[in-house]
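Coordinate analysis (summary)
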Amino acid sequence: MRLALLGCGTVGSEVVRLLHEQSADLAARIGAPLEIAGIAVRRLGRDRGDLPVDEALFTTDPLGLIKRDDVDVVVEVVGGIEPARGWLVEALRAGKSVVTANKALLAEDGPALHDAAAEGGADLYYEASVAGAIPLLRPLRESLHGDRVNRVTGIVNGTTNFILSAMDATGAGFAEALEEATELGYAEADPTADVEGFDAAAKAAILASLAFHTRVTAADVHREGITEVTAADVASAKAMGCTIKLLCIAARGRDAAGRETVSVRVHPAMIPLTHPLASVGDAFNAVFVEAEAAGQLMFYGRGAGGAPTASAVLGDVVAVARNRLAGVRAPSESAYADLAVRPMGEALTRYHISLDVADRPGVLAAVAGVFARHDVSIATVRQGSADGPAGSGDAELVIVTHVAPDAALAATVEELRGLDIVRSVASVLRVEGGA
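Here's a quick rundown of the structure. Model, not experiment: these values are computed from the prediction. (Residues numbered from 1 in each chain as written. Predicted model: local features only at pLDDT ≥ 70, side-chain atom pairs only at ≥ 80, totals over all residues. Heavy atoms only, no water.)

Looking at the overall build of the chain
Basically, it comes down to this: Numbering goes from the N terminus for both helices and strands, where a helix is a DSSP run of H or I of at least four residues and a strand is a run of E of at least two. Throughout, exposure labels follow a simple rule: accessible area from a 1.4 Å probe, protein chains only, divided by the maximum for the residue type, with under 20% read as buried, over 50% as exposed, and the rest as partly exposed. By definition, residues are in contact when any of their heavy atoms lie within 4.5 Å. Working definition of accessibility: Shrake-Rupley area with a 1.4 Å probe, residue cover restricted to the visible protein chains.
Scanning the chain from N- to C-terminus turns up 14 helices and 18 strands. Its C-alpha atoms give the chain principal-axis dimensions of about 80 × 50 × 35 Å. By residue count, 53% of the 435 residues in the chain fall in the buried class. Counted over contacts in the chain with a minimum sequence separation of 6, partners at least 24 positions apart contribute 73%. On the chain, roughly 18500 Å² of surface is accessible, and the fraction owed to carbon and sulfur atoms is 49%.

Below is the structure:
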């Protein structure tokens, strides 16, 4: 089995190392040796340390490499949308199996890749695109196909989980925790994709597509990042026996007409310390799956890094190589359910709202009236002193709601902002997991 490797950065280099170190075992598992036919890179002559590979294998012509007759499997670890999309479509249509870690491409245009795989009779595997080394996608696409998955809740971005964990442990603000994450190498020089939730949203789309047999793209995912989470929010969560995590949530539901739908969202949320995801700290990932027959399942481990991601890539390489030797292909994409994606406004959520209000009689009744007008039920109210100067006449109200449509909760907050008695809406966070 001969491989074309597209990309030789952090992940690609680890793929090469593992292929070299485990060559005998991999050959035994597959039934044939694995060989690298070529490696496509941007620049030749770059110092690649002690990478165990012949320099003659490097090329700057990825498309030419893909088209070679002696290439059986294409492994893509470059990332990005273009030109990777064109390369992989070309490979799949030519009947060459593809293994990719490209979450952005799968989330934006996964259907085009699946269609090309069907056209060429090739395999498309992408375990490494979500949660690194954690075996997650194959259980969803194979092991749980005899079951009905109702909900998937996950921590799928290590950078944001490290930041929020640091804020919880030290009381630091977002900027300080981000600086620490950058110094330790957990955050990129430009952390936008992580802290604004783009990375998690792409992974949420992939998870929802597999869990609910429905084509879901990143554009279908409601996305919010963690940049607005404050030290005060973290302290308030602690007071409730909660912690704050950036969650991806994909869940079945029904619309007003009773038709089954799916909602997919990414946002920071408070979860109780008793929830299995609450103890997931540092840069680790975890995904909590709820299925009708299997019940609750938890997948946990390192969700990023060269070696963990390369482990997932090679697991897929073994699978597709064995299929090719046997003359079979993996089951094709399962999108038969074709469920409508429910707008965020129709998703059922709970809110934690912190208000700075005037400290005078009738304020609580006025605030409660706003919730009643939008048919939002209040679960708890906590009153304290605001952070303003002593004698300023301000107070703090912390309100946690019962479950309601997100649109009704958002409209409630918007009306609260317009009340004379409300000095400011200090923070708004969703609450998940029964807190």
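That was the structure; now back to the text.
Brief notes about the packing of helix H1 (residues 10–21) against helix H12 (residues 306–326)
For clarity, the threshold we go by: With axes taken as lines fitted to C-alpha atoms, and helix axes fitted only over the stretch in contact, angles between N-to-C directions fall between 0 and 180 degrees. Any angle that is under 35 degrees is reported as roughly parallel, and any over 145 degrees as roughly antiparallel; angles of 65 to 115 degrees are reported as roughly perpendicular and all others as oblique. If you view the pair so one helix is near and one far, a crossing is left-handed when the near helix is turned anticlockwise from the far one by less than a right angle, and right-handed when it is turned clockwise. Classification used: nonpolar for Ala, Val, Leu, Ile, Met, Phe, Trp, Tyr, Cys and Pro, charged for Asp, Glu, Lys and Arg, polar for all others including Gly.
In the contact formed by H1 and H12, the axes pass within 8 Å of each other and the chain directions differ by 60 degrees. Here H1 lies oblique to H12, going by the angle between them. Considering how the two elements wind past one another, H1 and H12 form a crossing that is right-handed. In contact with Thr10, Val11, Glu14, Val15, Leu18 and Leu19 of H1, H12 contributes Gly306, Ala307, Thr309, Ala310, Ser311, Val313 and Leu314. Residues of the contact of H1 with H12, tallied by class, amount to 8 nonpolar, 4 polar and 1 charged.

Let's talk about the pattern of salt bridges
To keep it simple, the criterion reads: Whenever a carboxyl oxygen of Asp or Glu lies within 4 Å of a side-chain nitrogen of Lys or Arg, that contact is scored as a salt bridge.
Applying the stated criterion to the full structure yields 24 salt bridges. As a salt-bridge pair, Glu108 and Arg85 come within 3.9 Å of each other at their nearest N and O atoms. On the criterion of sequence distance, the pair formed by Glu108 in helix H5 (residues 103–120) and Arg85 in helix H4 (residues 84–93) is long-range, its members being 23 residues apart. Residue classification places Glu108 among the partly exposed positions, given a relative accessible area of 44%. A salt bridge links Glu119 to Arg93, with the shortest nitrogen-to-oxygen separation between them at 3.5 Å. Taken as a pair, Glu119 in helix H5 and Arg93 in helix H4 lie far apart in primary sequence, 26 residues in all.

Quick look at the environment of Ser332
By the element assignment, Ser332 lies in the loop between H12 and strand E13 (340–341). For Ser332, a relative accessible area of 49% gives the class partly exposed. In this structure, the C-alpha to C-alpha distance between Ser332 and Arg141, residues 191 residues apart in sequence, is 9.9 Å.

Observations concerning helix H10 (residues 198–212)
Quick reminder of the rule: A helix is expected to span 1.5 Å multiplied by its residue count minus one.
In this model, H10 (15 residues) spans 21 Å end to end at C-alpha, consistent with the 21 Å of a helix rising 1.5 Å per residue. When you tally the buried positions in H10, you get 14 out of 15 residues, the bulk of the element.

Considerations on the packing of aromatic side chains
How we decide: Aromatic rings from Phe, Tyr and Trp, with only the six-membered ring used for Trp, were paired whenever their centres fell within 6.5 Å, and each pair was classed as stacked if the ring planes differed by under 30 degrees, edge-to-face if by over 60, and tilted otherwise. Here, a charge over a ring means that NZ of Lys or CZ of Arg falls within 6 Å of the ring centre while also lying within 35 degrees of the ring normal.
Under the defined criterion, the tally for this structure stands at 2 aromatic pairs. Geometrically, the ring pair formed by Phe284 and Tyr300 is stacked, given 5.2 Å between the ring centres and 5 degrees between the ring planes. Here Tyr300 lies in strand E12 (residues 295–302) and Phe284 lies in strand E11 (residues 284–291), a separation of 16 residues in the sequence. Looking at Arg141, its charged tip hangs above the ring of Tyr125, at a distance of 4.8 Å from the centre. Its end group placed over the ring of Phe198, Arg223 keeps NZ or CZ at 3.8 Å from the ring centre.

With respect to the nonpolar core
Quick reminder of the rule: Side-chain atoms within 4.5 Å are what join buried Ala, Val, Leu, Ile, Met, Phe, Trp, Tyr and Cys residues into a set we call a nonpolar core.
Grouped together as the largest cluster of nonpolar side chains are 79 residues, with contacts concentrated most on Val74, Leu136, Val149, Ile163 and Leu207. Of all the elements, H10 adds the most residues to this core, at 11 residues. Here Val149 is in contact with Leu140, Leu144, Ala211, Phe212, Arg252, Val289, Glu290 and Ala291, once residues within four sequence places are set aside. Membership of the second largest hydrophobic core comes to 35 residues, among which are Leu18, Val53, Leu314 and Val318.

Section: the side chain of His267
This is how it is decided: In protein, a polar contact means a hydrogen-donor-capable atom and an acceptor-capable atom, both N or O and within 3.5 Å, with residues adjacent in sequence counting only if both atoms are side-chain atoms; elsewhere, any N or O pair within 3.5 Å suffices.
Position of His267 among the secondary structure elements: in strand E10 (residues 260–272). Overall, the relative accessible area of 0% leaves His267 in the buried class. In terms of polar contacts, His267 uses its side chain to reach the side chain of Arg265, at 2.9 Å. For His267, the residues in contact, after removing those within four places along its chain, are Glu224, Lys245, Leu246, Leu247, Ile249, Met344, Arg430 and Glu432.

A word on the pairing of strand E7 (residues 149–155)
What counts, and what does not: The pairing criterion is simple: DSSP has to find at least two bridges between the two strands.
Within E7, 5 of the 7 residues are buried, which leaves it mostly tucked inside the rest of the structure. Sheet topology places E7 next to E11; 6 bridges connect them, and they run antiparallel. Paired with Arg151 across the strands is Glu290, a residue of E11. Direction of pairing for E7 relative to strand E9 (residues 242–254): antiparallel, over a ladder of 4 bridges. Paired with Thr153 across the two strands is Ile249, which belongs to E9.

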